[in-house]
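Here is what each chain is made of, one letter per residue.
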Amino acid sequence: MHFGSSNDTEAVKKQYATSKGLDIRIGFHNKYSTNKQGYSNWIISNYNIKRGMKVLELGCGTGGLWEGHEDMVSRCGKLVLTDFSEGMLETARNNLGERDNIEYIQADIQYLPFEEKSFDVVIANSMLYHVPDIDRGIREVRRVLKPGGVFYCATLGENNFPELLAEWFELEGEEFKPNHNFTMQNGGAVLGKSFADVKTAFYEDSLHVTDVEDLVEYLRSLASFKVILDLPVEKIREILKEHIEDEAVDLPKEYGMFICQ
């Protein structure tokens, strides 16, 4: 598999079979991101969830979006957390616990097991680019949203650090095919097929990595970075060390979200 994220179903299953790799990546970003508000905190600050609303999160991962936001969890009349991975869903259950207003369901965005007009809010963060048939997935979101409901979806931009790493590791052609299926640059057009009102918001951030070993571990946590994983660890470390300036490696980040009605 080439360097970059994937929307190949089996590759995604492998990458997210357990939360181990995701935990490494979340910890890395928490430690080295220069915007200390935190991406998850910024995402959730954009949500307008009123008391009693029925909320659906697709691709909930470890459930980390909701940790530390008890007020917003309790505000939900029903919070339905879904993930493609049974392992991820179990981790979310362990992290958030059993509550009267939380339900955990294994589900695929392309075939949602919910009735039409069921939810006031639908959330899908950092997962739409993995969906094989993204148009079908977004139509399913539109189907289960109530009239006047809101769809929040966060994603990556096309000017992110994988592009810089590809340059450092001299990757091109078949070795580097970034997944641009759903980005901050093209996501609006994709969403516009199903939603009349699509707003865009960017999150300003970057990475200031002071320990190269953590960056090595981060890269090795990504199953889709196989072309780098095939290199000896010492070679990965050597290439990264070439780009240390003032005792750190600085990398760009481009993230944001769409708010759709």
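Residues numbered from 1 in each chain as written. Predicted model: local features only at pLDDT ≥ 70, side-chain atom pairs only at ≥ 80, totals over all residues. Heavy atoms only, no water.

Colleague: What should I look at first to understand the nonpolar core in this one?
Modeller: Generally speaking, soluble globular proteins have nonpolar side chains that are buried together. Core analysis: the biggest nonpolar cluster contains 54 residues, and Y47, I49, V55, W66, F169, L219 and L240 have the highest contact counts within it. Ranked by residue count, the leading element in this core is helix α9 (residues 212-220), at five residues. Grouped together as the second largest cluster of nonpolar side chains are 29 residues, I134, V144, L145 and L191 included. (Core = buried A, V, L, I, M, F, W, Y, C linked by side-chain atoms within 4.5 Å. Buried < 20%, exposed > 50% of the residue type's maximum accessible area, 1.4 Å probe, protein only. Helix = DSSP H or I, 4+ residues; strand = E, 2+ residues; numbered from the N terminus.)

Colleague: Would you explain the packing of aromatic side chains in this entry?
Modeller: Each aromatic ring pair is described using two quantities: the centre-to-centre distance and the angle formed by the ring planes. Per the counting criterion, the structure on display carries eleven aromatic pairs. Taking 5.2 Å as the distance between ring centres and 40 degrees as the angle between the ring planes, the aromatic pair formed by W42 and Y203 counts as tilted. Taken as a pair, W42 in helix α3 (residues 39-45) and Y203 in strand β6 (residues 198-209) lie far apart in primary sequence, 161 residues in all. A relative accessible area of 3% places Y203 in the buried class. Ring pairs connect the aromatic residues F28, Y32, F161 and Y218, which therefore count as one cluster. Over the face of the ring belonging to F119 we find K54, whose NZ or CZ atom lies 4.9 Å from the ring centre. (Phe/Tyr/Trp six-rings, centres within 6.5 Å; stacked < 30°, edge-to-face > 60°. Lys NZ or Arg CZ within 6 Å of the ring centre and 35° of its normal.)

Colleague: Which parts of the structure should I look at to understand helix α6 (residues 134-144)?
Modeller: Note on helix geometry: an α-helix contains 3.6 residues per turn, so any two residues three or four positions apart are oriented the same way. Every buried residue belonging to α6 is among I134, G137, I138, E140, V141 and V144, and all of these are buried. For α6, the arc enclosing every buried residue in end-on projection is 150 degrees, short of the 170-degree limit, so these residues lie on one face. Elements that come into contact with the buried residues of α6 comprise β1 (54-58), β4 (119-124), β5 (145-156) and α8 (187-191). (Arc of directions from axis to C-beta. Contact = heavy atoms within 4.5 Å.)

Colleague: Would you mind going over the pattern of salt bridges with me for this structure?
Modeller: Pairing between side chains becomes possible if they bear opposite charge and their charged atoms approach one another. Going through the model one piece at a time under the given rule, you end up with 13 salt bridges. For K31, the salt bridge goes to D214, with nearest N and O atoms at 2.9 Å. One end of the pair, K31, is in helix α2 (residues 20-32); the other, D214, is in helix α9, with 183 residues separating them in the sequence. Taking the relative accessible area as the measure of exposure, D214 reaches 18% and is therefore buried. (Salt bridge = Lys/Arg side-chain N within 4 Å of Asp/Glu carboxyl O.)

Colleague: Looking at this model, I keep getting lost on the packing of α9 against helix α11 (residues 233-241). Mind explaining?
Modeller: Two quantities define a packed helix pair, namely the angle between the helix axes and the distance between the axes. The geometry of α9 relative to α11 is characterised by a closest axis approach of 10 Å and an angle of 125 degrees between their N-to-C directions. When the axis of α9 is compared with that of α11, the two are oblique. The handedness of the crossing between α9 and α11 is right-handed. Counted together, V212, E213, L215, V216, L219 and R220 of α9 and V233, I236, R237, L240 and K241 of α11 form the full contact between these two elements. Of the residues contributing to the contact of α9 with α11, the split by class is seven nonpolar, no polar and four charged. (Axes fitted to C-alpha atoms, helices over the stretch in contact; angles between N-to-C directions. Parallel < 35°, antiparallel > 145°, perpendicular 65-115°, else oblique. Left-handed = near helix turned anticlockwise from the far one by under 90°. Nonpolar A, V, L, I, M, F, W, Y, C, P; charged D, E, K, R; others polar.)

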